[in-house]
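# Structural overview
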Amino acid sequence: MKVHIGQHSGFCFGVKRAIQVAKEAARLHKNIYIKGELVHNQEVCRQIEALGIKTVSTLKSVPGGSVLIIKAHGEPLATYINAKRKKIKVIDATCPMVKDIHKKAKEMEQKGFRVAIIGDKNHEETIGILGNIKNGSIVENIADLRKLKSGLGEKIGVVCQSTQNIEDVSVIVAKLAKITHALLFFNTVCRPTYLRQKEIERLAKNCSAVLVVGSKNSANTKRLFFIAKKINPNTFWVNNAKSIAKNSFKKFGSVGVIGGASTPPETLEEVYKKLS
Ligand code: SF4
């Protein structure tokens, strides 16, 4: 059996940067907290906690005067304001590409556009984008558009969650174009996401099976799985090498392997060894 590891696979630039920021913070400070997961990968989160960084779910659990790391997906503006109020030092590990989406959304709002964010309603990145503007709407699918139609107004500005599939985004943007007079759209799907999605399409077409590696709560990993599954029914999704049952891939002549943007290189290496 041939095992092909995707060239665009595993840690993206934003995840590498967030881990570096957290490591540097641990070297320089004490009493460090992070609200939520730095990135969506259990192994990475274990490593971060081993550095002494405590994970909390709300800012209420962060004591005044301590240090707060902002995760790669970003935070709503209220988190920064409340942290300042509690004299918490903020170290920002938000991916610069996510920061850029915040900036674009804010600029469009200032120019009088009603902002629509195409993304997953419950994902921290989308919630963070929404929380950095005064009045936006999250659009997850076409059905949401029908609900929002009257609320969106004459001028609509659109950004999308960085890990969306641009094909799905385009369908929603085309519908939006029909219900407004002025539409401004920024394709904010980040380059690493786009390259991974193209890579998995190639693997799904050319290999007898596809294995997507990454945590189940990782949005970009989920998207990779569904893109591949549409093309190749022999597509599987595992957390790590331990989740691969013995002999489960034996019947396939070739397997294409791809890791989500928060999947560590060691995890991919272990998967490769196990399949080989
Ligand atoms: S997937 Fe894209 S936006 Fe998200 S952390 Fe990586 S580079 Fe940044």
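These numbers come from a predicted model, not from an experiment. (Residues numbered from 1 in each chain as written. Predicted model: local features only at pLDDT ≥ 70, side-chain atom pairs only at ≥ 80, totals over all residues. Heavy atoms only, no water.)

## Quick word on the overall build of the protein
Within the protein, the secondary structure is distributed over ten helices and twelve strands. Against the compact-globule benchmark of 19 Å for 276 residues, the protein has a radius of gyration of 20 Å, which places it among compact chains. Overall, the protein is about 55 × 55 × 25 Å in size when its C-alpha atoms are taken along their principal axes. Of all 276 residues assigned to the protein, the portion counted as buried reaches 51%. For the protein, contacts bridging at least 24 residues in sequence account for 70% of all contacts bridging at least 6. (Helix = DSSP H or I, 4+ residues; strand = E, 2+ residues; numbered from the N terminus. Rg over C-alpha atoms; globule rule 2.2 N^0.38 Å. Buried < 20%, exposed > 50% of the residue type's maximum accessible area, 1.4 Å probe, protein only. Contact = heavy atoms within 4.5 Å.)

## What about the site of the ligand?
Around the ligand lies a shell formed by Cys12, Gly14, Cys95, Val98, Ser162, Thr163, Cys190, Pro192 and Thr193. Here the residues of the shell around the ligand are counted per class, giving five nonpolar, four polar and no charged. (Near = heavy atom within 4 Å. Nonpolar A, V, L, I, M, F, W, Y, C, P; charged D, E, K, R; others polar.)

## As for the environment of Val98
Topologically, Val98 is positioned in helix 4 (residues 96-110). Classification of Val98 as buried rests on a relative accessible area of 4%. The spatial distance from the C-alpha of Val98 to the C-alpha of Asp120 is 15 Å, given a sequence separation of 22 residues. Beyond its immediate chain neighbours, meaning those up to four positions away, Val98 contacts Ala72, His73 and Glu125.

## Points about the pattern of salt bridges
With the rule as written, the count across this model stands at eleven salt bridges. Taking the shortest distance from any N to any O, the salt bridge between Glu43 and Arg46 comes out at 2.9 Å. One end of the pair is Glu43 and the other is Arg46, both in helix 2 (residues 42-50) and three residues apart, which spans about a single turn. Each of the salt bridges in this network shares a partner with another, and the network as a whole consists of Lys35, Lys71 and Glu75. (Salt bridge = Lys/Arg side-chain N within 4 Å of Asp/Glu carboxyl O.)

## Looking at the domain arrangement of the protein
Domain boundaries in the protein define domain 1 (2-10 + 192-275), domain 2 (13-95) and domain 3 (97-185). One C-alpha centre belongs to domain 1, the other to domain 3; they are set 30 Å apart. Each partner contributes residues to the interface: domain 1 has nine residues there, and domain 3 has ten residues. For the pairing of domain 1 and domain 3, the buried interface totals around 710 Å² over both sides, and the portion due to carbon and sulfur atoms is 46%. Interface area lost by domain 1 to domain 3 is led by Thr193, Ala219 and Arg223, which between them contribute 51%. At the boundary of domain 1 and domain 3, one finds one salt bridge. At the boundary of domain 1 and domain 3, one finds four residue pairs in polar contact (both at pLDDT 80 or more). (Domains from an automatic or database assignment. Buried area = accessible area lost by both parts, 1.4 Å probe. Polar contact = N/O pair within 3.5 Å; in protein donor to acceptor, adjacent residues only side chain to side chain.)

## Re the sheet that holds strand 10 (residues 209-213)
Strand order in the open sheet formed by four strands is 1-12-10-11, and the pairing between neighbours is parallel. In the strand order of this sheet, the two ends are held by strand 1 (2-5) and strand 11 (235-238), each with one partner. When strand polarity is set aside, the average angle formed by the axes of neighbouring strands in this sheet is 20 degrees. Helix 8 (residues 191-206) rests against strand 1, strand 10 and strand 12 (254-259) of the sheet, and its axis sits at about 165 degrees to strand 12. Across the sheet, helix 9 (residues 219-231) is in contact with strand 10, strand 11 and strand 12; its angle to strand 11 comes to roughly 165 degrees. (Pairing = 2+ DSSP bridges. Axes fitted to C-alpha atoms, helices over the stretch in contact; angles between N-to-C directions.)

## Here's the deal with unusual backbone geometry
The residue Asn31 is not glycine, and still its phi comes out positive at about 50 degrees. Positionally, Asn31 belongs in the loop between helix 1 (13-28) and strand 2 (32-35). For Asn247, which is not glycine, the phi dihedral falls at a positive 70 degrees. With respect to the element layout, Asn247 can be found in the loop between strand 11 and strand 12. Of the residues examined, Asn247 reaches a relative accessible area of 52% and is grouped as exposed.

## A few points about the nonpolar core
In this structure, Leu38, Val39, Ile53 and Ile69 are the most contacted members of the largest nonpolar core, which totals 21 residues. Those elements that place two or more of their residues in this core are helix 1, strand 2, helix 2 and strand 4 (67-70). When residues in this core are grouped by element, the largest group, six residues, is from helix 1. If sequence neighbours within four positions are ignored, Ile53 has contacts with Ala22, Ala26, Ile32, Tyr33, Ile34, Ile48 and Ile69. (Core = buried A, V, L, I, M, F, W, Y, C linked by side-chain atoms within 4.5 Å.)

## Quick notes on the pairing of strand 10
Most of strand 10 sits out of view: five of its five residues are buried. Residue alternation in strand 10 divides its side chains into two sets, Ala209, Leu211 and Val213 and Val210 and Val212, and both sets are buried. The pairing of strand 10 with strand 12 spans five bridges and is parallel. What sits directly across from Val210, in strand 12, is Gly256. One ladder, built from four bridges, connects strand 10 with strand 11; its direction is parallel. Bridge pairing in strand 11 places Leu211 opposite Phe236.

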